[in-house]
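Descriptive structure summary
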Amino acid sequence: MTTVTNETAVTNEQAAARARAVIPGGVNSPVRAFASVGGTPLAITRAQGARVWDVEGNEYVDLVASWGPALVGHAHPEVVAAVQQAAAQGLSFGASTPAEAELAEVVIDRLTVNGVRGIDKLRLVSTGTEATMTAVRLARGVTGRDLIIKFAGHYHGHSDGLLADAGSGLATLAIPGSAGVPAPIAAQTLVLPYNDRDAVHAAFAAHAGKIAAIITEAAGANAGILAPEPGFNEFLVATAHAHGALVILDEVLTGFRVSTAGWWGLERTDGAIWRPDIVTFGKVIGGGMPLAGLGGRAEIMDQLAPLGPVYQAGTLSGNPLAVAAGIATLRLADAAVYERVDHAAAVVASSLSEALEDEGVEHVISHAGNLFSLAFRSGSITNYDEAREQEAWRYPAFFHAMREQGVSLPPSVFEAWFLTAAHDDAAIEHIVSALPAAARAAAEAEHA
Ligand SMILES: *Cc1c(COP(=O)(O)O)cnc(C)c1O
């Protein structure tokens, strides 16, 4: 008989030590190990609204928001009730459910802006990594070509071909790609500097007839915020199409976060007329449950199995609990939610800048809709090289000063700060009042 230990870890350090003994690095996703800020990773036991609690019972105003999904706040009662109701009916059937079609309808409806449909059909998967991996296979299957263009500092999950020069955990850890990726697979990915039109033209000229697709974050948000320069996404679509290639717009992070219809929705509301060929979703679409998806025009999406020759499948794809959380979250995420998130982000970003200004700390805040990030340097940031040229060593002191005052920030300077609709005036005030001491800590930090 196996023994179940009833011991409960009482400190974050004890929880981390226990985890390190049985889980590589003590974590199931690298950024959670706090490698770039040092100190003991938080072991979280509970979250509600804008707040999280660690194993020691410490309460934090949370700016991680599960890396985005908690758009309407953690454990929103309507989302939790939807998941509980679904769970009572069975956890997984290995067959279709009516709710999957309902979620697809909700997404397609939200992606219809100014009378134009962004996507006609949606396939659900479980993670953003699966969504982009499938999107790449689909683009290759449709075009009969192999090469993919991606941009330096853009993160599209951890599938082999998309790890080259990615941001996210890799920006922090400074791993150029990953061990275990065969060179012939890495060679199928061309990595270009972001916002560089000449580089895109040159790649198509050098590899005529061989490029299947450009994959791009709708707005870069995994190496700090790298917003597309005005017209850049439209340029990518026009250029790709002129060369018989497709554009995969990765909205895993931005989708349903920066607007009802994601980043594409923002550009379209501003009058843009371009349409992506394939769009990937994740994070907010599952409201905190493992759910992601890819959508596109019907003639492209129908190339997927069972209709077409491009294979894709998943035992837990369209899982009923995840779909219930997604539907409930998207139904809650109305115009008032985006107004609230936009407002909270604007207040926190400007207070952050003021606090650093007061301490004479050189900094720039980069914005993409309601997403923003901090960099310890001057001037604007348009690509990965510029994002990395900063005094990142100031961040650990800043991070820990915020943590000591009950604010949980992303444990890397290269991540966006995530506000939610649950960040009410009290939560915002808590963050704002913690900023001056953290700015002082950043000013006093010494280069290791
Ligand atoms: C988070 C993210 C992914 C990967 O999603 P996972 O669910 O972590 O696999 C892909 N693309 C972008 C833009 C992301 O931010």
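The name an unreviewed UniProt entry gives the protein is Glutamate-1-semialdehyde 2,1-aminomutase, with Microbacterium mitrae as the organism. Looking at the Catalytic activity (unreviewed entry) heading of the UniProt record, one finds this comment for the protein: "(S)-4-amino-5-oxopentanoate = 5-aminolevulinate". For the protein, the Cofactor (unreviewed entry) comment in UniProt is given as "pyridoxal 5'-phosphate".

Here we come to the overall build of the protein. Check the secondary structure of the protein and you find 15 helices and 15 strands. Dimensions along the principal axes, computed over C-alpha positions, put the protein at roughly 55 × 55 × 45 Å. Within the span of the protein, comprising 448 residues, buried residues form 55% of the whole. Accessible surface, the protein: about 18,600 Å² in total, of which carbon and sulfur atoms supply 54%. Once the 27 positive and 47 negative side-chain charges of the protein are each reduced to a mean point, those two points are 7 Å apart.

Counting buried residues in strand S14 (residues 371–375) gives five out of five residues, a clear majority hidden from the surface. Residues of S14 alternate between two faces, with Leu371, Ser373 and Ala375 on one and Phe372 and Leu374 on the opposite face, all of them buried. Judged from the five bridges that link them, strand S13 (residues 364–368) and S14 form a sheet pairing that is antiparallel. Following the sheet pairing, Ala368 is matched in S14 by Leu371. Here S13 hands over to S14 after two residues, with Gly369 in that stretch at a positive phi of 60°.

Turning our eyes to something else, we now look at the pattern of salt bridges. One pass over the full model with this rule turns up eleven salt bridges. As a salt-bridge pair, Lys121 and Asp302 come within 3.1 Å of each other at their nearest N and O atoms. Within this pair, whereas Lys121 is found in strand S6 (residues 121–125), its partner Asp302 is found in the loop between helix H10 (298–301) and helix H11 (320–332), the two being separated by 181 residues in sequence. In this structure, Arg340 engages Asp425 in a salt bridge whose closest nitrogen and oxygen atoms are separated by 3.3 Å. Of this pair, Arg340 sits in helix H12 (residues 335–358) while Asp425 sits in helix H15 (residues 425–444), and the two are 85 residues apart along the sequence. Assessed through its relative accessible area of 24%, Arg340 is described here as partly exposed.

Let us now look at the packing of helix H3 (residues 98–110) against H11. Interhelical geometry of H3 versus H11 gives an angle of 30° and a closest axis separation of 9 Å. As H3 packs across H11, the resulting crossing turns out to be left-handed. Here H3 contributes Ala99, Glu100, Glu102, Leu103, Val106, Val107 and Arg110 to the contact with H11, which in turn contributes Val323, Gly326, Ile327, Leu330 and Arg331. The residue makeup of the contact of H3 with H11, split by class, is seven nonpolar, one polar and four charged.

Taken as a whole, the second largest pocket holds about 470 Å³ of empty space. Leu122, Arg123, Leu124, Ala305 and Pro306 are the residues nearest the centre of the second largest pocket, which is lined by 20 residues in total. Where the lining of the second largest pocket is concerned, the elements lending two or more residues are H3 and S6. For the lining of the second largest pocket, the element with the most residues is S6, which contributes four residues. A class-by-class count of the residues in the lining of the second largest pocket yields eleven nonpolar, five polar and four charged.

Moving on: the side chain of Asn319. Assignment of secondary structure puts Asn319 in the loop between H10 and H11. Only 2.9 Å separates the side chain of Asn319 from the backbone oxygen of Leu91, close enough to count as a polar contact. The contact partners of Asn319, leaving out residues within four places of it in the chain, are Leu91 and Ser92.

On to helix H9 (residues 262–269), then. In an α-helix, one turn spans 3.6 residues, which is why side chains three or four residues apart end up on the same side. The buried count for H9 comes to six of eight residues, which makes it a mostly enclosed element. The secondary structure elements touched by the buried residues of H9 are strand S4 (112–113), strand S5 (116–117), helix H8 (232–242), strand S10 (246–250) and S13. Two residues or fewer after H9 comes Gly271, characterised by a positive phi angle close to 105°.

Moving on, we get to the site of the ligand. Every residue close to the ligand is listed here: Thr127, Gly128, Thr129, Tyr155, His156, Gly157, Glu217, Asn222, Asp250, Val252, Leu253 and Lys283. Separating an oxygen atom of the ligand from a side-chain N or O atom of Thr129 is a distance of 2.7 Å. Contact with the protein chains covers 83% of the free accessible surface of the ligand, which is 380 Å². Among the residues forming the shell around the ligand, the class breakdown is three nonpolar, six polar and three charged.

On to the side chain of Thr329. As for its placement among the helices and strands, Thr329 is situated in helix H11. Thr329 gets classed as buried once you look at its relative accessible area, which sits at 2%. Those residues in contact with Thr329, other than ones at most four positions away along the chain, are Val72, Val79, Val284 and Gly287.

Glancing now at the UniProt feature "modified residue: N6-(pyridoxal phosphate)lysine" (unreviewed entry) in the protein. If you check UniProt for "modified residue: N6-(pyridoxal phosphate)lysine" (unreviewed entry), the listed places come out as Lys283 in our numbering. With respect to the element layout, Lys283 can be found in the loop between strand S11 (278–281) and strand S12 (292–296). Judged by relative accessible area, Lys283 falls into the partly exposed class, the value being 25%. Other than its neighbours up to four places away in sequence, Lys283 contacts Trp67, Pro69, Val252, Leu253, Gly288 and Leu291.

Scoring rules and cut-offs
Counting restarts for each chain: residues are numbered from 1 in the order of the written sequence. In keeping with the model being predicted, local features are shown solely for residues with a pLDDT of at least 70 and side-chain atom pairs are shown and tallied solely at 80 or more, while totals for entire chains, interfaces and linings include all residues. The basis for every side-chain value is the complete set of heavy atoms in the structure, and neither hydrogens nor water enter the calculation. UniProt positions are given in the numbering used here, feature names are shortened, and annotations may be inferred rather than shown by experiment. Numbering of helices and strands runs from the N terminus; a helix is a DSSP stretch of H or I covering at least four residues, while a strand is a stretch of E covering at least two. The classification of residues rests on relative accessible area computed with a 1.4 Å probe and restricted to protein chains. Under 20% of the type maximum is buried, over 50% is exposed, and intermediate values are partly exposed. Computed by Shrake-Rupley with a 1.4 Å probe, the accessible areas treat only the displayed protein chains as cover when residues are assessed. Only four residue types enter the tally: Lys and Arg on the positive side, Asp and Glu on the negative side; His and the chain ends are excluded. In this description, the location of a charge corresponds to atom NZ of lysine, CZ of arginine, CG of aspartate or CD of glutamate. Any two strands between which DSSP finds at least two bridges are classified as paired. A side-chain nitrogen of Lys or Arg and a carboxyl oxygen of Asp or Glu constitute a salt bridge if their distance falls within 4 Å. Between the N-to-C directions of two axes lies an angle of 0 to 180 degrees, each axis being a line fitted to C-alpha atoms and, for a helix, fitted only over the stretch in contact. Crossing handedness follows the turn of the near helix against the far one: under a right angle anticlockwise gives a left-handed crossing, and clockwise gives a right-handed one. Throughout, a contact is declared for two residues whenever any of their heavy atoms are within 4.5 Å. Here the nonpolar group is Ala, Val, Leu, Ile, Met, Phe, Trp, Tyr, Cys and Pro; Asp, Glu, Lys and Arg are the charged ones; every other residue, Gly included, is treated as polar. The way it works is a 1 Å grid over only the protein atoms, where trapped points that fit a 1.4 Å probe form a cavity and open points with protein on both sides within 12 Å along at least five of seven lines form a pocket, and then any residue with an atom within 4 Å of a point lines it. Grid points are joined across faces, edges and corners, and a volume is the space filled by probe spheres set on the points. Under the rule applied, a polar contact is a pair of N or O atoms within 3.5 Å (in protein, one hydrogen donor and one hydrogen acceptor; residues adjacent in sequence only if both atoms are side-chain atoms). Here a residue is near a molecule or strand as soon as one of its heavy atoms is found within 4 Å of it.

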